[in-house]
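Overview (structure and organization)
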Amino acid sequence: MTTRPTPSTPRLLEKHTYLTYDAIVTKLRDLARAYPDICSAYTAQEKYNLPTAGKCGDKPCKQWVFVVGNKAKHVASTPELFFSGALHGNERVGPTAVVELVEFLVSHYGKNEFVTRMVDSRLVVAMPMPNAWGYYRSMREELSSDPNRDFAFDTKPSECMRTIAGRAVNEVWRDHIFQLGATFHGGDNLIGYPWGDNTHNPGYIAGDKIAMHSLGQFMVEVAGKYGGDGLYKLGEMNDVIYPVNGGMEDWAYGGSWHKAATTCNPDSYGGYPREKTVYDSHVLRAVLYLVETAFRKTPHVSKLGHKTSVEEPFKPGQLGDGHVPRNVRLCLAALDAVEPYVEIVRNKSLSWRPEADQPKTLSADIPIVVRGVEHVDSVHVKCDDQVTCLVESSSTDSWKPWGIGRQDVVRAAIRVSYKGDVPPISTNISVGVRADEHWKKLPTSAVEKKHNAHWVLARIDPSYRVESNGKTVVGRDIWWSVPMGFHLTPKQAVTSIRSRAVQHIVVEESTSVLDRSYKGTSLFLFVAVLFLTLRVCYRSKMT
């Protein structure tokens, strides 16, 4: 259950600066030591035995991976998200934004309700600087290869997985089933989604476009305007930027199933096994957004902004806003949207009303928080076996798509009926929603006439279930809240004059009151008579 916090007065937090390679390594290590129960850090060299692209200072460059999530509360179907800071080492906003994201999550865990829910119910895998060699030198490429032309999609076998950056990302993705994420770049001001390859010319639309565009709009809105760059432009990558071969975003979306998927056979760094780019059909079906953070690849440090406000993490234009907090908000939007969730709002003033024309029936208006969805299609309720319940009506007047602007409350009128003479002392109630059924529609110009993204299929197909590496994606028809106990006391039912059970209670209580009154009167008369008798006897004796 949840309560509705009151926003506090904004305050200016610590100012951001660009983080160096060494500063990021130190930060990730420190966070992992400080919060070992909810995060961990490792390198692709240690876990996957990858070589290094060269030296970063006097040490080998390493691809660091940071994982955030309370695994004690996770299950096989916990949704997983991926965030990449910089495939191009000279595009500098993304790495600092990704580090700020993970620090924001772990440092506010257990202190902020939203953050705690995210860490308990999602797994975040972040690579702030996958192109470690390029980031250390503020250079676009890794040696002479472009990491964002290096993925196993719409390219030649000899021209993919040539970089350690690409291989490190590939190894991480083989271990997970990611549903959503973002990869940060610089040089433009936009958010793009598939398709963005040369197989799909402009105008060729993905079957999951409706959902992709909707979440993209949410990201645009929470990121807001900053400086002279304005709102992020949004659309298919082929339309808003340009097509590429071997791009990460299309690989992440179609690398498991599309005909343009490539099996790589590079000769760099001693080669890379072909089987590493042979995937089962479930690994690569994620919606990974391309985010071009600003027209300048490295905006002036004064434009980066201050630490993200935990009081209003989705609100743009706050004191201290800048390139880093706007992109942290964008990541939080993806975290929030990866899976619907419903919570009953704790309301001490809630009371159950007897229904005048329905014997043995009580009703109440229950507010519920609904987030992670674009559209609420219907509201549902389920109770303990000792009662029956239904949703009499529901209202989304105080709710907006994705719960934007803290407008995330749906009101449901719930009716509970019971069988006995009096209602049970209490019952557990869960409220659920069916959502985003319009995503089932395929765009008329979709080149693939089916849905392919895990994130979408889990929302629109209750029978959908896939498994890989012990992780699952499971579709649902209705997304339920955690059950909440409600008290249904006889006192609340007494006022129902139409209920025979209640009439029985009233009569019984009235009779018992009369009986007590009669017994009290009899005792008083007995004592009074005894007193008078003793008084008469005493006076007779005295005379």
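Residues numbered from 1 in each chain as written. Predicted model: local features only at pLDDT ≥ 70, side-chain atom pairs only at ≥ 80, totals over all residues. Heavy atoms only, no water.

**Re the overall build of the protein**
- The number of helices and strands found in the protein is 13 helices and 21 strands.
- Here the protein holds 543 residues, and 55% of them are scored as buried.
- Partitioning the intrachain contacts of the protein with sequence separation of at least 6 by distance along the chain shows that 79% fall at a separation of at least 24.
- Summing over all exposed atoms, the protein offers an accessible surface of approximately 23600 Å²; the carbon and sulfur share of this is 53%. (Helix = DSSP H or I, 4+ residues; strand = E, 2+ residues; numbered from the N terminus. Buried < 20%, exposed > 50% of the residue type's maximum accessible area, 1.4 Å probe, protein only. Contact = heavy atoms within 4.5 Å. Areas by Shrake-Rupley, 256 points an atom, 1.4 Å probe, with all protein chains shown as cover.)

**A closer look at the side chain of serine 468**
- Tracing the backbone through its elements, the reader meets serine 468 in strand E18 (residues 465-468).
- Judged by its relative accessible area of 5%, serine 468 is buried.
- Not counting the four nearest positions on each side in its chain, serine 468 is found in contact with Ile177, Asp280, His282 and Val283.

**Here's the deal with the state of the cysteines**
- Counted according to the given criterion, the structure contains three disulfides.
- Shown here is the disulfide that connects cysteine 160 with cysteine 264, its sulfur atoms set 2.0 Å apart. A torsion of -120° about the S-S bond marks the disulfide between cysteine 160 and cysteine 264 as left-handed. Pair noted here: cysteine 160 is in the loop between helix H5 (132-137) and helix H6 (164-174) and cysteine 264 is in the loop between helix H9 (248-254) and strand E10 (287-294), with a separation of 104 residues, a long-range link. The two residues cysteine 160 and cysteine 264 agree in class, both being buried.
- Paired by a disulfide, cysteine 383 and cysteine 389 hold their sulfur atoms 2.1 Å apart. (Disulfide = S-S within 2.5 Å.)

**Some words on the pattern of salt bridges**
- Scanning all chains against the criterion turns up 26 salt bridges.
- For aspartate 120, the salt bridge goes to lysine 73, with nearest N and O atoms at 3.5 Å. With aspartate 120 in helix H4 (residues 113-121) and lysine 73 in the loop between strand E4 (64-68) and strand E5 (80-84), this residue pair connects regions lying 47 residues apart in the sequence.
- The salt bridge partner of lysine 307 is glutamate 100, with a shortest N-O separation of 3.0 Å. One end of the pair, lysine 307, is in the loop between E10 and helix H10 (323-337); the other, glutamate 100, is in helix H3 (residues 93-107), and 207 residues separate them in sequence. (Salt bridge = Lys/Arg side-chain N within 4 Å of Asp/Glu carboxyl O.)

**Looking at the packing of H3 against H10**
- Relative orientation of the contacting elements H3 and H10 amounts to 60°, with a least axis distance of 9 Å. Judged by the inter-axis angle, H3 sits oblique to H10. The handedness of the crossing between H3 and H10 comes out as right-handed. Across the interface between the two elements, Val93, Thr96, Ala97, Glu100, Leu101, Phe104 and Leu105 of H3 pack against His323, Val324, Asn327, Val328, Cys331, Leu332 and Leu335 of H10.
- In terms of residue class, the contact of H3 with H10 is made up of 10 nonpolar, three polar and one charged. (Axes fitted to C-alpha atoms, helices over the stretch in contact; angles between N-to-C directions. Parallel < 35°, antiparallel > 145°, perpendicular 65-115°, else oblique. Left-handed = near helix turned anticlockwise from the far one by under 90°. Nonpolar A, V, L, I, M, F, W, Y, C, P; charged D, E, K, R; others polar.)

**Things to note about the sheet that holds E10**
- With mixed pairing, eight strands are arranged side by side in an open sheet as E1-E4-E6-E5-E7-E10-E8-E9. Bordering the open sheet on either side are strand E1 (39-43) and strand E9 (233-236), each of which pairs with just one other strand. When the angles between neighbouring strand axes are averaged without regard to direction, this sheet yields 20°.
- Strand direction decides the pairing type here: strand E8 (residues 188-193) and E10, joined by five bridges, are antiparallel. Looking at the pairing, aspartate 188 lines up with alanine 294 of E10.
- Lying on the sheet, helix H1 (residues 21-34) is in contact with E1 and E4; it crosses E4 at an angle near 35°. (Pairing = 2+ DSSP bridges.)

**Quick look at the packing of H1 against H3**
- It is the contact of H1 with H3, at a shortest axis distance of 11 Å, that shows an interaxial angle of 15°. Taken together, the axis directions place H1 and H3 in an arrangement best described as roughly parallel. Read as a crossing pair, H1 and H3 show a hand that is left-handed. When H1 is examined against H3, the residues Ile24, Lys27, Leu28 and Leu31 are found in contact with a partner set consisting of Pro95, Val99, Val102, Glu103 and Val106.
- For the contact of H1 with H3, the residue count by class is seven nonpolar, no polar and two charged.

**Focus on the nonpolar core**
- Counting 114 residues, the largest nonpolar core has Phe82, Leu105, Trp173, Trp251 and Trp455 as the members making the most contacts within it.
- If near-sequence neighbours (up to four positions away) are discounted, phenylalanine 82 is found in contact with Val125, Met127, Val169, Val172, Trp173, Phe178, Leu180, Gly181, Ala182, Met248 and Leu288.
- Counting residues in hydrophobic clusters, the runner-up holds 27 residues, among them Ile344, Ala364, Cys383 and Val387. (Core = buried A, V, L, I, M, F, W, Y, C linked by side-chain atoms within 4.5 Å.)

**Notes on the side chain of serine 268**
- Within the element layout of this structure, serine 268 appears in the loop between H9 and E10.
- You can call serine 268 buried: its relative accessible area is 12%.

**Some remarks on the pairing of strand E7 (residues 178-185)**
- Among the eight residues that make up E7, eight are buried, leaving the element largely enclosed by the rest of the structure.
- The pairing of E5 with E7 spans five bridges and is classified as parallel. Looking at E7, one finds that leucine 81 is bridged to leucine 180.
- Inspection of the sheet shows E7 paired to E10 by six bridges, in the parallel sense. Bridge pairing in E10 links leucine 180 to valine 287.

**Comments concerning unusual backbone geometry**
- For the bond from proline 194 to tryptophan 195, the omega torsion is 10°, close enough to zero to count as cis.
- One non-glycine residue, lysine 360, lies in the positive phi region at around 60°.
- Among the secondary structure elements, lysine 360 is positioned in the loop between strand E12 (353-354) and strand E13 (361-371).
- Judged by relative accessible area, which is 27%, lysine 360 ranks as partly exposed.

**Notes on the environment of alanine 413**
- Its location among the elements puts alanine 413 in strand E16 (residues 409-418).
- Of the residues examined, alanine 413 reaches a relative accessible area of 10% and is grouped as buried.
- C-alpha separation for the pair alanine 413 and isoleucine 366, spaced 47 residues apart in sequence, amounts to 6.2 Å.
- Once you skip the residues sitting within four places of it in the chain, alanine 413 turns out to touch Ala364, Asp365, Leu390, Val391, Glu392 and Ser393.

**A short note on H1**
- For H1, built from 14 residues, the straight-helix expectation of 20 Å at 1.5 Å per residue is met to within 8% by its first-to-last C-alpha distance of 20 Å.
- Buried residues along H1 sit against E1, strand E2 (55-56), strand E3 (59-60), E4, H3 and H5. (Expected span 1.5 Å × (residues − 1).)

**Remarks on the pairing of E9**
- Relative to E9, E8 runs parallel, the two being bridged by four bridges. Following the sheet pairing, glycine 192 is matched in E9 by glycine 235.
- Between the parallel pair E8 and E9, the chain is carried across by helix H7 (residues 209-223), and the sense of this crossover is right-handed. (Right-handed = clockwise from strand over helix to strand, strands pointing away.)

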